[in-house]
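Coordinate analysis (summary)
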Amino acid sequence: MRVDIISIFPEYFAPLGVSLIGKARERGILDVRLHQLRDWAHDVHRTVDDTPYGGGPGMVMKPDPWGEAIDAVLATGQDAPARIIVPTPSGVPFTQRLAMEYAAEPWLLFTPARYEGIDSRVMAEYGTRTRVDEVSVGDYVLAGGEAAVLVMIEAVGRLLPGVLGNACSAVDDSFAPGAMENLLEGPVYTKPPEWRGHGVPEVLLSGHHGRIARWRRDEALRRTARNRPELLAALDPRGLDKHDLKL
Ligand SMILES: COc1cccc(Cn2ccc3ccc(-c4cc(N)[nH]n4)cc32)c1
């Protein structure tokens, strides 16, 4: 998968050089290319923002530099154009399902903005040529889109074949479609068996896989009921069996 990112803070993406995503890049599973938006701002100050039409606080990112930058990136592609992802508080929710959809794309182009966002004509322009998704990573307001892009690339990158070792699998993730979809992860434990007077649930030491699976599901249901009751309402009743906890 090829990923292009256009930003006025390309240095923000240094974390994509470490850990899971860094190794995926070294192994050629992920090809991440960074672009400095100001390279397409031709005035002496390399200006990328201006005052909003209609007045109001803050500044809006000018369409010209973004248009030239996106054209330049798309021109380097051979086949279908990249799917463009615009982080914004006003977007559709970024979910595990959307992450899985993105993981199946050959080429993503992220356009993290700053200020109050990008002139809306840019998304309108590219919406005539390719998929343009305005996406929110949560119901809170960041200072810009770069952190949102880091979140999305990590969530998508870990789903790419070969990125997670065989020992782990994204199939069992919380929120992954299937029996555990819309359930939160339950508690996890490792050695030592006793730590500062805290033991480990006996069932996890029993070696009885059926009971362990049932206990984990019960704990996932309990934690979901406690922390995200609205997800329980969305739980597919066919995913619940008669042995499930009556919460
Ligand atoms: C666009 O509307 C805005 C209104 C007030 C402030 C800002 C700041 N800002 C600039 C670019 C930008 C990109 C993404 C986000 C963002 C995404 C999520 N989930 N939260 N915050 C915030 C961004 C934007």
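Reading the values: rules and limits
Residues numbered from 1 in each chain as written. Predicted model: local features only at pLDDT ≥ 70, side-chain atom pairs only at ≥ 80, totals over all residues. Heavy atoms only, no water. Helix = DSSP H or I, 4+ residues; strand = E, 2+ residues; numbered from the N terminus. Buried < 20%, exposed > 50% of the residue type's maximum accessible area, 1.4 Å probe, protein only. Contact = heavy atoms within 4.5 Å. Areas by Shrake-Rupley, 256 points an atom, 1.4 Å probe, with all protein chains shown as cover. Lys, Arg positive; Asp, Glu negative; His and termini not counted. Charge placed at Lys NZ, Arg CZ, Asp CG, Glu CD. Core = buried A, V, L, I, M, F, W, Y, C linked by side-chain atoms within 4.5 Å. Near = heavy atom within 4 Å. Polar contact = N/O pair within 3.5 Å; in protein donor to acceptor, adjacent residues only side chain to side chain. 1 Å grid on protein atoms, 1.4 Å probe; cavity = no way out; pocket = protein on both sides within 12 Å on 5 of 7 lines; lining within 4 Å. Sits in = over half its atoms within 2 Å of the grid points. Arc of directions from axis to C-beta. Pairing = 2+ DSSP bridges. Axes fitted to C-alpha atoms, helices over the stretch in contact; angles between N-to-C directions.

Along the protein, the regular secondary structure elements total eight helices and seven strands. By principal-axis analysis of the C-alpha atoms, the protein measures approximately 70 × 40 × 40 Å. A burial count over the protein gives 41% of its 247 residues as buried. Restricting the contact set of the protein to residue pairs at least 6 apart, pairs at least 24 apart contribute 73%. About 14300 Å² of surface is accessible on the protein, with carbon and sulfur atoms providing 55% of the total. Across the protein, the mean location of the 28 positive side-chain charges is 8 Å away from that of the 34 negative side-chain charges.

Ranked by internal contacts, the top residues of the largest apolar core, which has 30 residues, are Ile5, Leu16, Leu30, Phe94, Tyr102, Phe110 and Ile153. Where this core is concerned, the elements lending two or more residues are strand E1 (2-7), helix H1 (19-26), helix H3 (96-103), strand E6 (107-110) and helix H5 (146-157). Here this core gets seven residues from one element, more than from any other, and that element is H5. Not counting residues up to four positions away in its chain, the partners in contact with Ile153 are Val3, Ile5, Leu16, Ile21, Leu30 and Phe110. Formed by 22 residues, the second largest nonpolar core is a distinct cluster that contains Ile6, Ala41, Met61 and Leu109.

With respect to spatial proximity, 16 residues lie near the ligand, and among them Tyr115, Val137, Gly138, Tyr140 and Leu142 are the closest. Here a nitrogen atom of the ligand sits 3.0 Å away from a polar atom, N or O, in the main chain of Val137. Measuring from a nitrogen atom of the ligand, one finds a backbone N or O atom of Tyr140 at 2.6 Å. For the ligand, whose free accessible area comes to 510 Å², the fraction covered by protein is 85%. Judged by the fraction of its atoms near the pocket grid, the ligand is located in the largest pocket.

Of the consecutive residues Lys191 and Pro192, the connecting peptide bond is found in the cis state with omega at 5°. Within the element layout of this structure, Pro192 appears in the loop between H5 and helix H6 (202-205). Positive phi is not limited to glycine here, since Tyr115 has a value of about 55°. Tracing the backbone shows Tyr115 in the loop between E6 and helix H4 (121-127).

Every buried residue belonging to H1 is among Ile21, Gly22 and Ala24, and all of these are buried. Looking down the long axis of H1, one finds its buried residues gathered within 160° of arc, a one-sided arrangement. Of the exposed residues in H1, the ones pointing more than 90 degrees away from its buried face are Ser19, Lys23 and Glu26. Buried residues along H1 sit in contact with H5. Backbone geometry just downstream of H1 places Gly28 in the positive-phi region, at approximately 80°.

With that settled, the discussion passes to the sheet that holds strand E7 (residues 132-136). Taken in spatial order, the five strands line up as E2-E1-E6-E5-E7 in an open sheet, and their pairing is parallel. Two strands in the sheet have a free side with no partner beyond their single neighbour: strand E2 (31-36) and E7. Neighbour-to-neighbour, the strand axes of this sheet turn through a mean angle of 30°, independent of strand direction. Bridge count for strand E5 (residues 83-93) against E6 is three bridges, and the pairing is parallel. Each bridged residue has a counterpart across the sheet, and for Ile85 the counterpart in E6 is Phe110. Along the sheet face, H3 touches E5, E6 and E7 and points at about 170° away from the line of E5.

With that out of the way, let us pick up the environment of Leu98. Inspection of the secondary structure assignment puts Leu98 in helix H3. Using a relative accessible area of 11% as the deciding quantity, one classes Leu98 as buried. Taking the C-alpha atoms as reference points, Leu98 and Met152, 54 residues apart in sequence, are found 9.6 Å from one another. Residues in contact with Leu98, not counting those within four places in the same chain, are Val92, Pro93 and Val135.

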